[in-house]
Structures are given as structure tokens and as C-alpha cells.
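Analysis of the macromolecular model
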Amino acid sequence: MGLIIRILISAVAVWIAAYFIPGVSVSGGAGTYLMVAIVLGFLNAFIKPILTVLTIPITILTLGLFLLVLNVMMVYLTAYLIPSFHVSGFIAALLFSFLVSIVTALIDAIV
């Protein structure tokens, strides 16, 4: 039950981020937002830790700022895997990852 609630919260966060950030578009209904949330969660749970370990030297050299690049890469990979989710640039993907994280944290705190 908790997993379903977290996916729904993430889908709402994706909807809010896509609404407010120019350069991010989701064409489709609620199912598309759910798919974006599921794929983004899957990538962040399984692929991102592997990439984080592989890029430790770069992350140390950049004092952790390379982790922002990894977040953007996860958003781009999600856009690649879901044809109805489009991100038009690096800044849009960065703002999308920030806003999804903030909205998810706020809604988690309320629920």
C-alpha cells in the first residue's frame, strides 16, 4: 500500500513539474504521469546507484556537483524510454528533477 501511495505522490509531483517548467511536456493522461513516475523511480533505485559508484572520482573532483548531472541523465533516460514525455534541455531537466524532489518531499511530509 505504501508503494502505491509513493508512486501516486511522484505522479502528482511530475504533473506539477511538467505544468510549471517550460521545456518539459507530458502528452497523455494520468497513465502517462504514472508511467513517468514509475520509470523515474525505477531508474533512481537501480541505475543511479551504479552510476554514482562508477563516477566517484568525477564526483569528488567536482565536490559533488556531478550528482546533479546524474539526476539530469536519469530524467533524459526517462524521456528516452517514454515517448510521450519530452524534455527540451539541460536546464529544464535540472529544474524538473529539483521540483519533483521538492514536491515529493512536501507531499510526503503532509501525508
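Summarised in this report is the structure supplied together with it. Note that the coordinates shown come from a computational prediction; the quantities given were computed from them, not determined experimentally.

1. Some details on a nonpolar patch on the surface
A grouping of Y76, F90, I91, L95, F98, I102 and L106 is seen on the molecular surface, where their side chains present a nonpolar patch of about 670 Å² in accessible area. If you tally residues by element for the nonpolar patch, the top one is helix α5 (residues 90–110), at six residues. One can find L95 in helix α5. A relative accessible area of 43% places L95 in the partly exposed class.

2. Overview of the nonpolar core
Counting 28 residues, the largest nonpolar core has V24, F85, V87 and F96 as its most contacted members. Counting residues per element, the ones that place at least two in this core are α1 (2–20), β1 (24–26), α2 (30–54), α4 (66–81), β2 (85–87) and α5. Apart from residues no more than four positions distant in its own chain, F85 is found in contact with V24, S25, V26, V36, V75, T78, A79 and F96.

3. A look at the layout of surface pockets
Taken as a whole, the largest pocket spans an internal volume of roughly 420 Å³. Forming the boundary of the largest pocket are 22 residues, of which S10, L40, G41, N44 and V100 lie nearest the centre. Where the lining of the largest pocket is concerned, the elements lending two or more residues are α1, α2, α4 and α5. A breakdown of the residues in the lining of the largest pocket according to their chemical character gives 12 nonpolar, seven polar and three charged.

4. Looking at unusual backbone geometry
Unlike most non-glycine residues, L63 shows phi in positive territory, near 55 degrees. Position of L63 among the secondary structure elements: in the loop between α3 (56–61) and α4. Exposure remark for L63: the relative accessible area of 79% places this residue in the exposed category.

5. Some points on the packing of α1 against α5
Two packed helices can be described by the angle between their axes and the distance between those axes. Direction vectors running N to C along α1 and α5 enclose 135 degrees, while the axes themselves pass 8 Å from each other. By the angle class used here, α1 and α5 are oblique. For the element pair α1 and α5, the recorded crossing hand is right-handed. Side by side, α1 and α5 meet where R6, I9, S10, V12, A13, V14, I16, A17, A18 and F20 of the first sit next to F96, L99, V100, V103, T104, I107 and D108 of the second. Its residues assigned to classes, the contact of α1 with α5 comprises 13 nonpolar, two polar and two charged.

6. Looking at α4
Along an α-helix, a turn takes 3.6 residues, which lines up residues three or four apart on a common side. In this model, α4 (16 residues) spans 23 Å end to end at C-alpha, consistent with the 22 Å of a helix rising 1.5 Å per residue. What α4 keeps buried is the set F66, L70, V72, M74, V75, T78 and A79. The elements touched by buried residues of α4 are α2, α3, β2 and α5.

7. A short note on the packing of aromatic side chains
Counted under the stated rule, the structure contains four aromatic pairs. Cluster of aromatic residues (ring-pair linked, three or more members): W15, Y19 and F20.

Definitions and limits used
- Residues numbered from 1 in each chain as written.
- Predicted model: local features only at pLDDT ≥ 70, side-chain atom pairs only at ≥ 80, totals over all residues.
- Heavy atoms only, no water.
- Patch = residues over 30% accessible without salt bridge, like charges linked within 9 Å, V, L, I, M, F, W, Y side chains within 5 Å.
- Areas by Shrake-Rupley, 256 points an atom, 1.4 Å probe, with all protein chains shown as cover.
- Salt bridge = Lys/Arg side-chain N within 4 Å of Asp/Glu carboxyl O.
- Helix = DSSP H or I, 4+ residues; strand = E, 2+ residues; numbered from the N terminus.
- Buried < 20%, exposed > 50% of the residue type's maximum accessible area, 1.4 Å probe, protein only.
- Core = buried A, V, L, I, M, F, W, Y, C linked by side-chain atoms within 4.5 Å.
- Contact = heavy atoms within 4.5 Å.
- 1 Å grid on protein atoms, 1.4 Å probe; cavity = no way out; pocket = protein on both sides within 12 Å on 5 of 7 lines; lining within 4 Å.
- Points joined across faces, edges and corners; volume = space filled by probe spheres on them.
- Nonpolar A, V, L, I, M, F, W, Y, C, P; charged D, E, K, R; others polar.
- Axes fitted to C-alpha atoms, helices over the stretch in contact; angles between N-to-C directions.
- Parallel < 35°, antiparallel > 145°, perpendicular 65-115°, else oblique.
- Left-handed = near helix turned anticlockwise from the far one by under 90°.
- Expected span 1.5 Å × (residues − 1).
- Phe/Tyr/Trp six-rings, centres within 6.5 Å; stacked < 30°, edge-to-face > 60°.

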